Amino acid sequence: MKIDRSFVSGSIFDDGNLDIVQTIITLAHKLGVDVTAEGVETEEQLAMLKKLNCEYGQGYLFSHPLDSSQAMALIMANPQW
């Protein structure tokens, strides 16, 4: 399940976003589904998502958009969050 970047970008703590993100993660886990958060841009967002047990993240914190060969090189490097 993906969490839309609109709930993660900026401050994950604003406008009730933290409650929404936590609810999505809880629901996904109850359904036996892993979660990917879109729009991760800061270490603060990453730390909170880890604390909430979000399995995966994507966003500018990890990499800017890549072409297929660059993406393959990144995958082969096996970075972990």
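All residue numbers here refer to positions counted from 1 along the written sequence of the relevant chain. Residue-level local features of this predicted model are given only where pLDDT is at least 70; pairs of side-chain atoms are given and counted only at 80 or more, and the full residue set underlies all totals for whole chains, interfaces and linings. Derived side-chain values reflect all non-hydrogen atoms in the structure, with water molecules and hydrogen atoms excluded from consideration.

**Student:** Can you lay out unusual backbone geometry for me, pointing to particular residues and giving the numbers?
**Tutor:** In this model, Asn53 sits at a positive phi of 70 degrees, which is unusual for a non-glycine residue. Structurally, Asn53 is set in the loop between helix 3 (43-51) and strand 3 (56-57). Secondary structure elements follow DSSP: runs of H or I no shorter than four residues count as helices, runs of E no shorter than two count as strands, and numbering proceeds from the N terminus.

**Student:** Explain the environment of Ile24 to me, using residue names and the numbers behind them.
**Tutor:** Examined against the element boundaries, Ile24 turns out to sit in helix 2 (residues 17-30). For the pair formed by Ile24 and Asp4, sequence separation is 20 residues and the distance between their alpha carbons is 10 Å. Pairs of residues are marked as contacts when any of their non-hydrogen atoms sit within 4.5 Å. Setting aside residues up to four positions removed in sequence, Ile24 forms contacts with Met1 and Ile3.

**Student:** Can you explain the pattern of salt bridges? Please cite residues and give values.
**Tutor:** One side-chain nitrogen of Lys or Arg within 4 Å of one carboxyl oxygen of Asp or Glu is enough to make a salt bridge. Under the defined criterion, the tally for this structure stands at two salt bridges. The residue Lys2 makes a salt bridge to Glu38 at a minimum N-O spacing of 3.5 Å. Here the residue Lys2 occupies a position in strand 1 (residues 2-3), and Glu38 occupies one in the loop between strand 2 (36-37) and helix 3, the gap between them amounting to 36 residues. Linking Glu41 and Arg5 is a salt bridge whose minimum nitrogen-to-oxygen distance equals 3.0 Å. With Glu41 in the loop between strand 2 and helix 3 and Arg5 in helix 1 (residues 5-8), this pair connects stretches of sequence that are 36 residues apart. Only protein chains enter the calculation, and the probe is 1.4 Å; a residue is then buried if its accessible area is under 20% of its type maximum, exposed if over 50%, and partly exposed in between. Glu41 gets classed as partly exposed once you look at its relative accessible area, which sits at 34%. The class of Arg5 is partly exposed, set by a relative accessible area of 38%.

**Student:** Would you mind going over the sheet that holds strand 1 in detail, with residue names and values included?
**Tutor:** Here, a strand pair is defined by DSSP locating no fewer than two bridges between the strands. The parallel open sheet is built from three strands, whose spatial order is 1-2-3. Looking at strand neighbours, the two that pair on one side only are strand 1 and strand 3, the edges of this open sheet. Note: strand 1 against strand 2, two bridges, orientation parallel. Of the residues in strand 2, the one forming a bridge with Ile3 is Ala37.

**Student:** Now, about helix 3: what can you tell me, with residues and values included?
**Tutor:** Among all positions in helix 3, only Gln45, Leu46, Met48 and Leu49 are buried. The buried side chains of helix 3 occupy one side of the element, clustering within an arc of 165 degrees when seen end-on. Along helix 3, exposed side chains directed more than 90 degrees from the buried face belong to Glu43 and Lys51. Phi turns positive one or two residues past the end of helix 3, at Asn53, with a value near 70 degrees. The arc refers to the directions leading from the helix axis to the C-beta atoms.

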